[in-house]
Amino acid sequence: MSVSDPSAINVRPATTHDVVKIVNLMEPLVARRILLGKDLVELYGAVPGFMVAEDAAGKVIGYGALHVMWEHLGEVRTLGVSEEYLGKGVGRAVLLALEERARGLGLQQLFCLTFETEFFGRNGFEEVGENTELVAAEVYAELLRSHDEGIAEFLDLARVKPNTLGNTRMLKRL
Ligand SMILES: CC(=O)SCCNC(=O)CCNC(=O)[C@H](O)C(C)(C)COP(=O)(O)OP(=O)(O)OC[C@H]1O[C@@H](n2cnc3c(N)ncnc32)[C@H](O)[C@@H]1OP(=O)(O)O
């Protein structure tokens, strides 16, 4: 299918009923360690930040989540597209929807940690170097208090290094 006709796909906020569909789509990517596996309880908790793309028949074919980290800072997490729809603009459509939501929430910067540097690069994200200070020292100290694995990855803490090996840290100014 081509989505050169944008009306063919619909991007909408996720509901709890999408979680199992998202898990099924994530499964092969988690097995290949492209996406980080998440417990169901974590995914249900993240539903308010998830957007999904569905095809003309209402089948979920793409998904992605926004996580707010600080006043102006958020992260794109768990972005994926069903294999048969890759390269048809679905990922970009979900990302644009997440960015719109991020702006609406007052965010000015979006972080992501990814192997897909070309995709994110084409969508305005820039690589950030290993030792780049992404937040002020006092914000860093507050973020350190979080139990969230994604925040630990953002802070590049040693305990999560095995999860993030080979991934690139990227940032977009909204
Ligand atoms: C922060 C994180 O979540 S990191 C994890 C990222 N996810 C993964 O690594 C999981 C595996 N990868 C994927 O699921 C996908 O490859 C994604 C999510 C990265 C990208 O999704 P896709 O739907 O394939 O991307 P999308 O089609 O929007 O863009 C790729 C290219 O498709 C092409 N394309 C083809 N048809 C179209 C169309 N009709 N409209 C727009 N682009 C199109 C474009 O050339 C586009 O390249 P461009 O940006 O130079 O224009």
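Residues numbered from 1 in each chain as written. Predicted model: local features only at pLDDT ≥ 70, side-chain atom pairs only at ≥ 80, totals over all residues. Heavy atoms only, no water.

Per an unreviewed UniProt entry, the chain is named N-acetylglutamate synthase, and its organism is Leucobacter komagatae.

*Asks:* Is there a simple way to explain the overall build of the chain in this structure?
*Replies:* Along its length, the chain carries seven helices and seven strands. Starting at the N terminus and walking to the C terminus, you meet the elements of the chain as β-α-α-β-β-β-α-β-α-β-α-α-α-β. Whereas a compact globule of 174 residues would reach a radius of gyration of roughly 16 Å, the chain reaches 16 Å, a difference of no more than 12%. Seen along its three principal axes, the alpha-carbon backbone of the chain occupies a region of about 50 × 30 × 25 Å. (Helix = DSSP H or I, 4+ residues; strand = E, 2+ residues; numbered from the N terminus. Rg over C-alpha atoms; globule rule 2.2 N^0.38 Å.)

*Asks:* Any chance you could explain helix α3 (residues 90-104) here in plain terms?
*Replies:* For an α-helix, the turn length of 3.6 residues means that residues three or four places apart are oriented alike. With 15 residues, α3 extends 21 Å between its outermost C-alpha atoms, agreeing within 8% with the 21 Å of an ideal straight helix rising 1.5 Å per residue. Within α3, the full set of buried residues consists of Val-90, Gly-91, Val-94, Leu-95, Ala-97, Leu-98, Glu-99 and Ala-102. After α3 finishes, the residue Gly-106 shows a positive phi value of roughly 100°. (Expected span 1.5 Å × (residues − 1). Buried < 20%, exposed > 50% of the residue type's maximum accessible area, 1.4 Å probe, protein only.)

*Asks:* How should the confidence of the model for the chain be read in this particular structure?
*Replies:* Caution applies to low-pLDDT parts of the model: their predicted coordinates are not meant to be read in detail. Residue-level pLDDT values for the chain average 93, and 96% of them are 70 or greater. If you check the scores for this complex, the pTM reads 0.93 and the ipTM reads 0.91. (pLDDT = per-residue confidence, 0-100.)

*Asks:* Sorry, what's going on with the pattern of salt bridges here?
*Replies:* Where charged atoms from two side chains of opposite charge come close, those side chains can pair. As enumerated under the stated definition, the model contains twelve salt bridges in all. Of the charged contacts in the structure, one is a salt bridge between Lys-21 and Asp-18, with a shortest N-O distance of 3.8 Å. Accessibility expressed as a relative area gives 1% for Asp-18, which makes it buried. Here Arg-145 ties to Glu-142 by a salt bridge, and the two come within 4.0 Å at their closest N and O atoms. Residue Arg-145 is classed as exposed on the basis of its relative accessible area, which comes to 63%. Under the relative-accessibility criterion, Glu-142 is labelled partly exposed at 41%. Through salt bridges with shared partners, one network takes in Arg-12, Asp-18, Lys-21 and Glu-54. (Salt bridge = Lys/Arg side-chain N within 4 Å of Asp/Glu carboxyl O.)

*Asks:* Would you mind going over unusual backbone geometry with me for this structure?
*Replies:* For residues besides glycine, phi is generally negative; the peptide bonds are generally trans as well. Unusually for a residue other than glycine, Thr-78 sits at a positive phi of about 50°. Along the chain, Thr-78 falls in strand β4 (residues 73-81). For Thr-78, a relative accessible area of 11% translates into the label buried.

*Asks:* How do you make sense of a nonpolar patch on the surface when you look at a structure like this?
*Replies:* Residues Val-20, Leu-40 and Tyr-44 make up a contiguous nonpolar surface patch of roughly 270 Å² in combined accessible area. Considering the arrangement of structural elements, one finds Leu-40 in helix α2 (residues 40-46). What makes Leu-40 partly exposed here is its relative accessible area of 45%. (Patch = residues over 30% accessible without salt bridge, like charges linked within 9 Å, V, L, I, M, F, W, Y side chains within 5 Å. Areas by Shrake-Rupley, 256 points an atom, 1.4 Å probe, with all protein chains shown as cover.)

*Asks:* I'm lost on the pairing of β4 in this one. Help?
*Replies:* The two faces of a sheet get side chains in turn, since along a regular strand they alternate between them. In terms of residue burial, β4 counts as a mostly covered element, since nine of its nine residues are buried. Taken together, strand β3 (residues 60-68) and the strand that follows it, β4, pair antiparallel across an intervening segment of four residues. For β4 and strand β5 (residues 109-114), the ladder comprises three bridges, and the chain directions are parallel. Residue pairing in the sheet places Gly-74 in a bridge with Leu-110 of β5. Note on the crossover from β4 through α3 to β5: the handedness is right-handed. (Pairing = 2+ DSSP bridges. Right-handed = clockwise from strand over helix to strand, strands pointing away.)

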